[in-house]
Amino acid sequence: MTKDLLLRFLLGGAAVMASYLIIVVSPWEILGGIFAAFPAVMITAVLMAGVTSGTKNAAKIAGGSVYGMIGGVICAATVWLFLKLTHNWPLSMLLGLLFWLISSVMVSTLREKLNIKLFSRKMVLAEARFRHHK
Amino acid sequence: MGGLSVSALLIRFILGGLAVVASTIVARKLGEKAGGIFAAFPAVFLAALLTAGLDLKGEALVSQSIILSKGAMVGMGINILVAIVAVLLLKKHGWKKGLIEALGCWLAVSIVVVAITVN
């Protein structure tokens, strides 16, 4: 268990570090720009889920990361907005992190509620069709 | 491109490692979907901000962080698209092939976006 987590820590750290190395070492500026937003953590997490528990769970991790990525845009937008408004660097960073977590969880919960609503609507329609055939 | 900095490397290593470990622990306790949220922890963006915090002070730090935040918004927008495509590809072709294809998709979209924004 601890060994597995240590391996994940090393892999995740190495992936993020490698994307920084590419930015610094690359002779082409364009490559640096591309790798500045490389989704290293997501790729490592999906890879590890694939190795340890197969395609289904790897796809679920990738699906969950969509909400986290939406939160990521909100995090960057929050940092940008509060830096412009307050010029307070630590406060903007803290608010960015807080907004990332809140918005990711909110989007994920909203999506789940929408899924449940759609599912119950389908059930009602199916029941109505069944009664009609009867 | 700036020079190589040990503190920048260390910050990225620690943030990246912690994010993957957090994603695993949350996935085990609350399910893969919740774990996925932590898989998208903006480690690269926050590491870039923290590194800027070590090198710069005052207004220079604020303006550099504003530039970083603008770039991160575009980068994360691409990553949302790639994560959606990854789900489809993983389900269709399995995790190995699907992940490689998703990486190819990320590279292609990033090249196009960077080429458009640079010129």
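Chain B appears in an unreviewed UniProt entry as DUF3147 family protein from Neobacillus rhizophilus.

In the nomenclature of an unreviewed UniProt entry, chain A is known as DUF3147 family protein of Neobacillus rhizophilus.

Q: How should the UniProt feature "transmembrane region" (unreviewed entry) in chain B be read in this particular structure?
A: Residue and element names in this part refer to chain B. As annotated by UniProt and renumbered to match this structure, "transmembrane region" (unreviewed entry) occupies residues 6-27, 34-54, 66-90 and 99-118. Secondary structure across residues 6-27 divides into 100% helix and 0% strand, with the first and last C-alpha atoms of the span separated by 32 Å. Taken end to end, residues 66-90 is 100% helix and 0% strand, and its first and last C-alpha atoms sit 35 Å apart.

Q: Help me out: how do you make sense of the confidence of the model for chain B in this one?
A: Keep in mind that low pLDDT regions are not for reading the predicted coordinates in detail. For chain B, per-residue confidence averages 85 on the pLDDT scale, and residues scoring 70 or more make up 96% of the total. Considering each helix and strand of chain B separately, the mean pLDDT is smallest for helix α2 (residues 32-39) of chain B, with a value of 78, and largest for helix α4 (residues 58-118) of chain B, with 89.

Q: Looking at this structure, how should I read the domain arrangement of chain B?
A: Split by domain assignment, chain B resolves into domain 1 (1-55) and domain 2 (73-119). If you average the C-alpha positions of domain 1 of chain B and of domain 2 of chain B, the two centres end up 19 Å apart.

Q: Could you clarify how one ought to interpret the interface of chain B and chain A in this entry?
A: As a measure of interface size, the accessible area lost when the parts come together is often cited. At the interface, 66 residues of chain B touch 66 residues of chain A. Among the secondary structure elements, those contributing two or more residues to the side of chain B that touches chain A are α1 (6-30), α2, α3 (43-55) and α4 of chain B. Ranked by residue count, the leading element in the side of chain B that touches chain A is α4(B), at 32 residues. Its residues assigned to classes, the side of chain B that touches chain A comprises 44 nonpolar, 16 polar and 6 charged.

How each quantity is defined
Residues numbered from 1 in each chain as written. Chains lettered and ligands numbered in written order. Predicted model: local features only at pLDDT ≥ 70, side-chain atom pairs only at ≥ 80, totals over all residues. UniProt positions renumbered as here; feature names shortened; annotations may be inferred. Helix = DSSP H or I, 4+ residues; strand = E, 2+ residues; numbered from the N terminus. pLDDT = per-residue confidence, 0-100. Domains from an automatic or database assignment. Contact = placed C-beta atoms within 7 Å. Nonpolar A, V, L, I, M, F, W, Y, C, P; charged D, E, K, R; others polar.

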